[in-house]
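The chain contents come next:
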Amino acid sequence: MFRRLPDRLRPALDGFGAVVEHIERAKGSLTDAVPTTRLPGRPLAEALLEFEDELAAAEAQMPRWRTDELDDAWVACERAIAEARSSAEELRLGGGAPVGFEALIGTIGDLLAPLDEFGATADRFLDLRRRR
């Protein structure tokens, strides 16, 4: 059985949810670049630009959920966004687009990896609701 999230953390959870919406859209923009058996996949440069835009929007919402109780998670998520944005920009401007399906999948995986921090933070919010 779960207890309620403390009232003082409800605004933080709402703010975190707003950030995660942008993170999920960012992830989706990159995965749209992967070709399937039916579709060729979106151009990587276009996907990267949208990925960066969504991460910038997520970053702008980050202050909404910063609290003392979750500050370490907040800092880790802030770093994750910065790392993902920097890597995407470097790839987009560097012109070293991956060649081949496996290279594309690996590159996208590398770009998405830092954002796993948001899953860990979601777990932290759940832990705050767990039975004592």
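Residues numbered from 1 in each chain as written. Predicted model: local features only at pLDDT ≥ 70, side-chain atom pairs only at ≥ 80, totals over all residues. Heavy atoms only, no water.

A. Region of the structure containing the overall build of the protein chain. Along its length, the protein chain carries five helices and zero strands. N-terminal to C-terminal, the α/β element order of the protein chain is α-α-α-α-α. In terms of its C-alpha atoms, the protein chain occupies a principal-axis envelope of roughly 50 × 30 × 15 Å. Looking at the 132 residues of the protein chain, the share that counts as buried comes to 36%. Pairs at least 24 apart in sequence give 76% of the contacts found in the protein chain among residues at least 6 apart. Approximately 7800 Å² of the protein chain is accessible, and the part contributed by carbon and sulfur atoms is 51%. In the protein chain, 18 positive and 25 negative side-chain charges are present, and the distance between their average locations comes to 10 Å. (Helix = DSSP H or I, 4+ residues; strand = E, 2+ residues; numbered from the N terminus. Buried < 20%, exposed > 50% of the residue type's maximum accessible area, 1.4 Å probe, protein only. Contact = heavy atoms within 4.5 Å. Areas by Shrake-Rupley, 256 points an atom, 1.4 Å probe, with all protein chains shown as cover. Lys, Arg positive; Asp, Glu negative; His and termini not counted. Charge placed at Lys NZ, Arg CZ, Asp CG, Glu CD.)

B. Representation of the pattern of salt bridges. Enumeration over the complete set of coordinates arrives at nine salt bridges. With a shortest N-O distance of 3.4 Å, Glu54 and Arg25 are connected by a salt bridge. Of this pair, Glu54 sits in helix H2 (residues 44–61) while Arg25 sits in helix H1 (residues 10–31), and the two are 29 residues apart along the sequence. Between Arg92 and Glu52 there is a salt bridge whose closest N-O contact spans 2.5 Å. Residue Arg92 is found in helix H3 (residues 71–94), and its partner Glu52 is found in helix H2; the two are separated by 40 residues along the sequence. By relative accessible area, Glu52 is classed as buried at 10%. One salt-bridge network, in which partners are shared between bridges, spans Arg42, Glu46 and Glu50. (Salt bridge = Lys/Arg side-chain N within 4 Å of Asp/Glu carboxyl O.)

C. Quick peek at the packing of aromatic side chains. Per the counting criterion, the structure on display carries four aromatic pairs. Ring plane angle 75 degrees and centroid distance 5.1 Å describe the contact between Phe16 and Trp65, whose orientation is recorded as edge-to-face. Highlighted residues: Phe16 in helix H1 and Trp65 in the loop between H2 and H3, separated in sequence by 49 residues. Among the residues examined, Phe16 registers a relative accessible area of 5% and is labelled buried. Joined through ring pairs, the aromatic side chains of Phe16, Trp65, Phe118 and Phe125 make up one cluster. (Phe/Tyr/Trp six-rings, centres within 6.5 Å; stacked < 30°, edge-to-face > 60°.)

D. Summary view of the side chain of Thr67. With respect to the helices and strands, Thr67 occurs in the loop between H2 and H3. If we skip the residues at most four places from it in the chain, Thr67 touches Leu9 and Ala12.

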